[in-house]
Amino acid sequence: MTDYRSMWTELGLDLEKHDILLGALPGMYEGIFLSQDDRPEGMAYFDFVIGEIHGLRVKELMDHKASGGKVIGLFCVFVPEDLILAAGAIPVGLCAGTQFSVPDAEEVLPRNTCALIKSSFGFKVGRTCPYVQASDFVIGETTCDGKKKMYEILAEYHPTYVMEVPNKKTPLGRELFLEELRSLKTKLETETGVTITAERLADATALVEAKRAALRRLHNIRKARPVPISGLDALLVTQIAFYDDPARFTEKVNNLCDELEGRIARGEGVASANAPRILVSGSPMAVPNWKLHRILEDSGATVIGEESCTGTRYFGSALAENDGTLAGQLKAIADRQLETHCACFTPNDERIEDVLTLAKDWQADGVVHYTLQFCHTFANEAVKIERALAGENIPLLRIETDYSDEDMGQIKNRVDAFLKMIRG
Ligand code: BJ8
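Scoring rules and cut-offs
Residues numbered from 1 in each chain as written. Predicted model: local features only at pLDDT ≥ 70, side-chain atom pairs only at ≥ 80, totals over all residues. Heavy atoms only, no water. Helix = DSSP H or I, 4+ residues; strand = E, 2+ residues; numbered from the N terminus. Buried < 20%, exposed > 50% of the residue type's maximum accessible area, 1.4 Å probe, protein only. Contact = heavy atoms within 4.5 Å. Lys, Arg positive; Asp, Glu negative; His and termini not counted. Charge placed at Lys NZ, Arg CZ, Asp CG, Glu CD. Near = heavy atom within 4 Å. Domains from an automatic or database assignment. Pairing = 2+ DSSP bridges. Right-handed = clockwise from strand over helix to strand, strands pointing away. 1 Å grid on protein atoms, 1.4 Å probe; cavity = no way out; pocket = protein on both sides within 12 Å on 5 of 7 lines; lining within 4 Å. Points joined across faces, edges and corners; volume = space filled by probe spheres on them. Nonpolar A, V, L, I, M, F, W, Y, C, P; charged D, E, K, R; others polar. Salt bridge = Lys/Arg side-chain N within 4 Å of Asp/Glu carboxyl O. Buried area = accessible area lost by both parts, 1.4 Å probe. Polar contact = N/O pair within 3.5 Å; in protein donor to acceptor, adjacent residues only side chain to side chain. Axes fitted to C-alpha atoms, helices over the stretch in contact; angles between N-to-C directions. Parallel < 35°, antiparallel > 145°, perpendicular 65-115°, else oblique. Left-handed = near helix turned anticlockwise from the far one by under 90°. Expected span 1.5 Å × (residues − 1). Bend = angle between axes of the 7 residues up to and from the residue. Phe/Tyr/Trp six-rings, centres within 6.5 Å; stacked < 30°, edge-to-face > 60°. Lys NZ or Arg CZ within 6 Å of the ring centre and 35° of its normal.

Considering the overall build of the chain
Along the chain, the regular secondary structure elements total 19 helices and 8 strands. Along the longest, intermediate and shortest principal axes, the C-alpha atoms of the chain span 60 × 50 × 45 Å. When burial is assessed residue by residue, the chain has 57% of its 424 residues classed as buried. Long-range contacts, defined as pairs at least 24 residues apart, comprise 75% of the intrachain contacts of the chain with a sequence gap of at least 6. Side-chain charges in the chain split into 47 positive and 63 negative, and the spacing between the mean points of these groups amounts to 3 Å.

Following this line, the structure appears as structure tokens:
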């Protein structure tokens, strides 16, 4: 195995702490993923990527920097990867999914902040994420209040640029967002020294759209009964989309989909045809947050979709036809990004429609609404989602949790009761 210690030292990681973090991953991964029955062979690539989570990909980023390129860290799907790629930079979703970094964050941030915010901030102050260390700057966004305020403090530790995302998708809100993309383009050009031309942007968009299309293909495959891939594996693929090389990732997802379509043709699945089919909806699950999927699937359910930013909100919409000019492309990208129905918007009825459509079209027997503790936007929106699903006789279980393992037994009991009710 390659020794990356000199690279991690160069990145200023706290090696002692980082060793503890990486030391815990293989055992956890083996217990959750490698122990599953009937895994598709195509998952081997994604296992490899996780095995190299702070190694090979970080090395690729460092090589890119050594040849004069920039690396830019992201926290939210509203920031368009195409614009960053068009500037010759590499976008990476930052580590934000583990309890490990939360105590470091709580030295600075209030404890009653959502785990995703604390985890990402803790990775920076604790110097345990090579991606944020490798990034030339990070791009935050004005989505929820917790994130907005965290970025102000983060800027004391790392170069931080914040783009504005409107709260409403009115014509004025759309114009504001388009203007923000223009400003982001200028910022990227200044930082990279690369002019974003119509041709460069079209090439970058083709790369991003191919990735999104591959993820949609995988998502559509999960309509099958029996489903040919576990929810855990499908979630893992989406999580890896945020930091892997986009062209290589797309090829591997399409290879996996070829294999899964073969399974469907042969009537093969990973779970029995009678396993309750569960749609998960709510807050994103950044790697390595596998807690809810693990509980659901260990309890005998199959997760058939994620209405989440580590799910359909990331890849659900495709870029509309446009005139190919820079202005036309930017407008199309702005419109595509605003198809992300995040709970930070008001009103956000499109998300409720999305949950209903997914639950019906993917034949979900129930929906589990997942909210990270202290995430007020998703917690409040769950009220309307529950009402809408009740109108269609689709049961909903609300889970509010954080990244710790302390409540796993309690969640498992509630999940068991929910599945029993569905089976009954
Ligand atoms: S587009 S969901 S990635 S903001 S869970 S930090 S909302 S308190 S992550 Fe998100 Fe962009 Fe929206 Fe998606 Fe705040 Fe809630 Fe925490 Fe959240």
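That shown, we press on.
Digging into the site of the ligand
Close contacts around the ligand come from 16 residues, with Cys114, Cys144, Cys309, Cys342 and Cys375 the closest. The two domains that each donate at least three residues to the shell around the ligand are domain 1 (5–194) and domain 2 (202–319 + 325–333 + 340–423).

What about the pairing of strand β5 (residues 277–282)?
Judged by how many residues are buried, β5 sits mostly within the fold: 6 of 6 residues are covered. Residues Arg277, Leu279 and Ser281 point to one face of β5 and Ile278, Val280 and Gly282 to the other, with burial holding for every one of them. Sheet analysis places β5 next to strand β6 (residues 302–307), joined by 5 bridges and oriented parallel. The residue bridging serine 281 from the neighbouring strand is glutamate 307, located in β6. With helix α14 (residues 291–298) bridging β5 and its parallel neighbour β6, the resulting β-α-β unit is right-handed. Sheet analysis places β5 next to strand β7 (residues 366–372), joined by 5 bridges and oriented parallel. Residue valine 280 lies in a different strand from β7, and its bridge partner there is valine 368.

Some details on the layout of surface pockets
A volume near 460 Å³ is recorded for the second largest pocket. If you list the elements that add at least two residues to the lining of the second largest pocket, you get α2 (15–34) and α14. Ranked by the residues each element gives to the lining of the second largest pocket, the list is headed by α2, at 6 residues. Per-class residue counts for the lining of the second largest pocket are 15 nonpolar, 6 polar and 3 charged.

A few points about the pairing of strand β4 (residues 160–163)
A one-sided burial pattern is seen for β4, the buried positions being Tyr161 and Met163 and the unburied ones Thr160 and Val162. Across 4 bridges, the pairing between strand β3 (residues 137–141) and β4 is parallel. The partner of valine 138 across the bridge, within β4, is threonine 160. With helix α9 (residues 145–154) bridging β3 and its parallel neighbour β4, the resulting β-α-β unit is right-handed.

Section: the pattern of salt bridges
Considering all chains together, one arrives at 36 salt bridges under this definition. Across the salt bridge formed by aspartate 19 and arginine 5, the nearest N and O atoms sit 3.0 Å from each other. Placement of the pair is aspartate 19 in helix α2 and arginine 5 in helix α1 (residues 5–10), with a sequence separation of 14 residues. What makes aspartate 19 partly exposed here is its relative accessible area of 34%. Residue arginine 5 is classed as partly exposed on the basis of its relative accessible area, which comes to 34%. Residues aspartate 63 and lysine 59 are paired through a salt bridge, measuring 3.0 Å at the closest nitrogen-oxygen approach. Taken together, the residues aspartate 63 and lysine 59, both in helix α4 (residues 56–66) and 4 residues apart, mark about one turn of the helix. For aspartate 63, a relative accessible area of 41% puts it in the partly exposed group.

So, the domain arrangement of the chain
Where interface size is quoted, it is often the accessible area lost as the parts come together. In terms of domain boundaries, the chain breaks down into domain 1 (5–194) and domain 2 (202–319 + 325–333 + 340–423). The contact between domain 1 and domain 2 buries some 4,700 Å² in all, and 71% of this surface belongs to carbon and sulfur atoms. At the boundary of domain 1 and domain 2, one finds 3 salt bridges. The partner of arginine 39 in a salt bridge is aspartate 233, with the nearest N and O atoms 2.8 Å apart. For the pair domain 1 and domain 2, the number of links is 20 residue pairs in polar contact (both at pLDDT 80 or more). Elements that contribute at least two residues to the side of domain 1 that touches domain 2 include exactly α2, α3 (43–51), α4, α5 (81–86), β2 (90–93), α7 (115–125) and α10 (171–192). Among the residues making up the side of domain 1 that touches domain 2, the classes are represented as 30 nonpolar, 11 polar and 13 charged.

Description of the packing of helix α12 (residues 231–241) against helix α13 (residues 246–265)
Packing of α12 against α13 brings their axes to within 11 Å, and their N-to-C directions diverge by 165°. As far as their axial angle goes, α13 and α12 are roughly antiparallel. Where α12 crosses over α13, the handedness of that crossing is left-handed. Residue-level inspection shows Val237, Ile240 and Ala241 of α12 in contact with α13, the latter providing Phe249, Val253 and Leu256. Partitioning the contact of α12 with α13 into residue classes produces 6 nonpolar, no polar and no charged.

Looking at helix α18 (residues 376–391)
Spanning 16 residues, α18 covers 24 Å between terminal C-alpha atoms, matching the ideal 22 Å at 1.5 Å per step. Its maximal kink placed at alanine 382, α18 deviates by approximately 25°. Those residues of α18 lying buried are Phe378, Glu381, Ala382, Ile385 and Leu389. Tucked into the core, α18 has its buried residues touching β5, α15 (312–315), α17 (349–361), β7 and β8 (396–401).

Considering the packing of aromatic side chains
Under the definition given, this model contains 12 aromatic pairs. Consider the rings of phenylalanine 78 and phenylalanine 345, whose centres lie 5.6 Å apart with planes at 50°: the pair is tilted. Taken together, the residues span a long stretch of sequence, with phenylalanine 78 in the loop between β1 (71–74) and α5 and phenylalanine 345 in the loop between α16 (326–337) and α17 at a distance of 267 residues. Phenylalanine 78 gets classed as buried once you look at its relative accessible area, which sits at 1%. Judged by relative accessible area, which is 4%, phenylalanine 345 ranks as buried. Each residue in the set Tyr29, Phe33 and Trp290 is aromatic and connected to the rest through ring pairs, giving one cluster. The ring of phenylalanine 345 carries the charged tip of lysine 169 above its face, separated from the ring centre by 4.4 Å.

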